[in-house]
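# Summary of the model geometry
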There are 2 protein chains.
Amino acid sequence: MDDATENGFPCSVARVTDLIGDPWTPLILRDAVLGVRRYDEFHHLKGIGRNTLSQRLRKLVEAGILATRLYQDNPPRNEYLLTDKGRDLFGVLAAMLAWGDRWLDEGAGPPIAMEHTRCGHEVHAEMVCSDCGEHLSTDHVQFRLGAGFPAELADRPDVRLRYSRDAAVPATADGRAPGSG
Amino acid sequence: MDDATENGFPCSVARVTDLIGDPWTPLILRDAVLGVRRYDEFHHLKGIGRNTLSQRLRKLVEAGILATRLYQDNPPRNEYLLTDKGRDLFGVLAAMLAWGDRWLDEGAGPPIAMEHTRCGHEVHAEMVCSDCGEHLSTDHVQFRLGAGFPAELADRPDVRLRYSRDAAVPATADGRAPGSG
């Protein structure tokens, strides 16, 4: 894990950002979910250069998110398939889709509709608590250092700045400051 | 909306990527959720340059994700607070956190623990269907052009490639190809 990207302390958001935090990778993953498998099909992403696409695909294969499979022998050609780890990333894409549909549609409605084939309805993803099933919001979560956090870093100023204050109720732009509500 | 980033057709994932698809913005948003508000505190993100940080904060303010509030008059200094739109982006961060904790902890356990104060348990985010409440996976979703998709683009090859096939059951690396299951 790259300490620079992790900003000197372990954080899953930083680790995921290290993998997908660029202008192309989320679109490559979206396409993989939509059934795109071959290099030239991914390359239909307008504006992506071949070097950039190759580098991103290689990084996703190295991370175990995509796996290659030979579909042609002569010349040899690989296709790219989501692994279980990659399929599980759909949670992140679905969250992006839901938020984008809600806040960025400029009143035109969602460009793409998602049907849940288990219930047959047009739906969006909702983020709920794994324990009680309630909607998860920043109002009702608190963060603290976990089992995987190195004890020797716990007292560093950049760590204490983020994890020692009452992090659950940051002030908001509409004035709901801690203790004021 | 930038057509280049949208690859020529409207897509919420592309729109969100346009806002947060870089190595820093998810970390700035994480810090905002953790209660960080001031420029110098955000700058504790090791490795981010001042120009880059200023540019990212400005972009988030322009997008209505952060709002500024004067906290000091002389010299004037703004702090950055999440708006309702920005707080709602927690869904994306929580999905990243859950996936990173599951797949990238290298056996050490989650670096950061999240408590849901409504139920009092240490939890992770789960992505469920807004209609039936079941877990959402790529196996059980189908995508089609929605209300906000321009009719004149529907027949373009790059659009048909992604949205006309049976997109719900892409082949996976472990061999579950369409029709083989």
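Here the structure is a predicted model, which means the values were calculated and not measured.

Each helix and strand counted, chain A has 7 helices and 6 strands in total. In sequence order, chain A lays out its α and β elements as α-α-α-α-β-β-α-α-β-β-β-β-α. Here chain A holds 181 residues, and 41% of them are scored as buried. Within chain A, contacts between residues at least 6 apart in sequence are counted, and of these 37% link residues at least 24 apart.

This paragraph deals with the environment of B:W24. All names here are of chain B. Residue position: W24 is located in the loop between α1 (12-20) and α2 (25-33). On the basis of neighbour count, W24 is assigned to the buried category, with 22 C-beta atoms found within 10 Å. When the C-alpha atoms of W24 and L53 are compared, they prove to be 8.1 Å apart, with 29 residues separating the residues in sequence. The residues touching W24, leaving out its near neighbours within four places in the chain, are I48, T52 and R56.

Moving on, we get to the confidence of the model for chain A. Residues and elements named next belong to chain A. When the pLDDT values of chain A are averaged, the result is 87; 86% of them are 70 or greater. A low-confidence stretch, residues 175-181 (pLDDT under 50), is modelled with 6 contacts involving residues beyond four sequence positions or located in other chains. We note a pTM of 0.88 for the whole complex and an ipTM of 0.88 for its interfaces.

Okay, helix α1 (residues 12-20) of chain A next. The buried count for α1(A) comes to 9 of 9 residues, which makes it a mostly enclosed element. Regarding α1(A), the residues found buried are A:S12, A:V13, A:A14, A:R15, A:V16, A:T17, A:D18, A:L19 and A:I20. On its buried face, α1(A) sits against α2 (25-33) of chain A together with α2, α6 (90-103) and β3 (112-116) of chain B.

Across residues other than glycine, the phi torsion is negative in most instances, and most of the peptide bonds are trans. Residue and element names in this part refer to chain A. Residue P75 is bonded to the preceding N74 through a cis peptide linkage, with omega at 0 degrees. Note that P75 resides in the loop between β1 (66-72) and β2 (77-82). Residue E106 is not a glycine yet carries a positive backbone phi of 55 degrees. Secondary-structure assignment places E106 in the loop between α6 (90-103) and β3 (112-116). A tally of 10 C-beta atoms within 10 Å means that E106 is categorised as exposed.

Conventions and cut-offs
- Residues numbered from 1 in each chain as written.
- Chains lettered and ligands numbered in written order.
- Predicted model: local features only at pLDDT ≥ 70, side-chain atom pairs only at ≥ 80, totals over all residues.
- Helix = DSSP H or I, 4+ residues; strand = E, 2+ residues; numbered from the N terminus.
- Buried ≥ 20, exposed ≤ 12 C-beta atoms within 10 Å, placed from the backbone.
- Contact = placed C-beta atoms within 7 Å.
- pLDDT = per-residue confidence, 0-100.

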